[in-house]
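# A structural walkthrough
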Amino acid sequence: MPNWFLGKIRYQQPIDDSNVGTRNEEFIKQKTVTEAYLVDAVSYTDAETRLYQEIAANTPEFDITNISRMKLADVFHHDDGSETWYKVKAMFITDDEKTGKQKKTPSVMLVNADTPKQAYERVEQSLKTALDPFEITDVNITKILEIFPYNEEEKRNLRPLSDFVSPEPESVA
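Reading the values: the criteria
- Residues numbered from 1 in each chain as written.
- Predicted model: local features only at pLDDT ≥ 70, side-chain atom pairs only at ≥ 80, totals over all residues.
- Heavy atoms only, no water.
- Pairing = 2+ DSSP bridges.
- Helix = DSSP H or I, 4+ residues; strand = E, 2+ residues; numbered from the N terminus.
- Axes fitted to C-alpha atoms, helices over the stretch in contact; angles between N-to-C directions.
- Contact = heavy atoms within 4.5 Å.
- Buried < 20%, exposed > 50% of the residue type's maximum accessible area, 1.4 Å probe, protein only.
- Core = buried A, V, L, I, M, F, W, Y, C linked by side-chain atoms within 4.5 Å.

Ordered by their spatial adjacency, 4 strands build an open sheet running S4-S6-S5-S7, and the pairing between neighbours is mixed. The sheet is open, and its two borders are formed by strand S4 (74-76) and strand S7 (134-141), each paired with just one other strand. Neighbouring strand axes in the sheet, compared pairwise and without regard to direction, differ in orientation by 25 degrees on average. With 7 bridges joining them, strand S5 (residues 85-95) and S7 adopt antiparallel strand pairing.

What follows is the structure in structure tokens.
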């Protein structure tokens, strides 16, 4: 089961401003930009490392301002180009055998879609095979720009020590 971490970064971005005169050319106006990314990682340390690896290529001089665990039941990624991520809350309805009453269990999922309606429909389609009945109660837009799932092919330089250490020469007596 994936462990999802929400990482937020902050960096300075120059602003194109025609009002900047010749006197102030050395002072470039900048705005602070905050972005959010979702990372599948083992721990907070691993999440921080993966954020630095993934973001450093495209964003120079950024700071990670926050990393928090995000409890998600599932992430539905569709390859149709939708870049907006929605957080969808579904309530699974089960019957409690002891009391005979219905019990509602919340489950939060993430899906990329163009509109909230499309996000609702995509989660509904994905949950059609669920054994318990459900009702979708919330669909909210998130500020997540990109998701970095764990990639099995991505072996992090884990090689045997023997690859780096040459065998000790035999001593001549």
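The 4 strands are arranged S3-S1-S2-S8 in an open sheet whose pairing can be described as mixed. Both outer strands of the open sheet, strand S3 (62-70) and strand S8 (144-148), are each paired with one neighbouring strand and no more. Averaged over all pairs of adjacent strands, the angle between their axes in this sheet comes to 25 degrees, without regard to strand direction. Here strand S1 (residues 4-14) pairs with strand S2 (residues 30-40) via 11 bridges, running antiparallel. Bridging across to S2, tryptophan 4 finds its partner in aspartate 40. Sitting on the sheet, helix H1 (residues 44-55) touches S1, S2, S3 and S8, and the angle it makes with S3 is about 135 degrees.

Here we come to the pairing of strand S6 (residues 102-112). In terms of strand pairing, S4 meets S6 through 3 bridges, oriented parallel. Its bridge partner being in S6, phenylalanine 76 is matched across the sheet by valine 111. As paired strands, S5 and S6 are joined by 11 bridges and run antiparallel to one another. The partner of aspartate 95 across the bridge, within S6, is glutamine 102. Taken together, S5 and the strand that follows it, S6, pair antiparallel across an intervening segment of 6 residues, in which glycine 100 is found at a positive phi of about 80 degrees.

With that settled, the discussion passes to the side chain of aspartate 46. Along the chain, aspartate 46 falls in helix H1. Look at aspartate 46 and you get buried, because its relative accessible area is 15%.

Ile9, Tyr37, Leu51, Ile55, Phe62, Ile64 and Ile67 are the most contacted members of the largest nonpolar core, which has 14 residues in total. Of all the secondary-structure elements, those providing two or more residues to this core are S1, S2, H1 and S3. Those residues within four positions of isoleucine 64 in sequence are excluded, and the remaining contacts are Lys8, Ile9, Glu48, Leu51 and Tyr52. Val111, Ala119, Val123 and Leu127 belong to the second-largest nonpolar core, a separate cluster that totals 12 residues.

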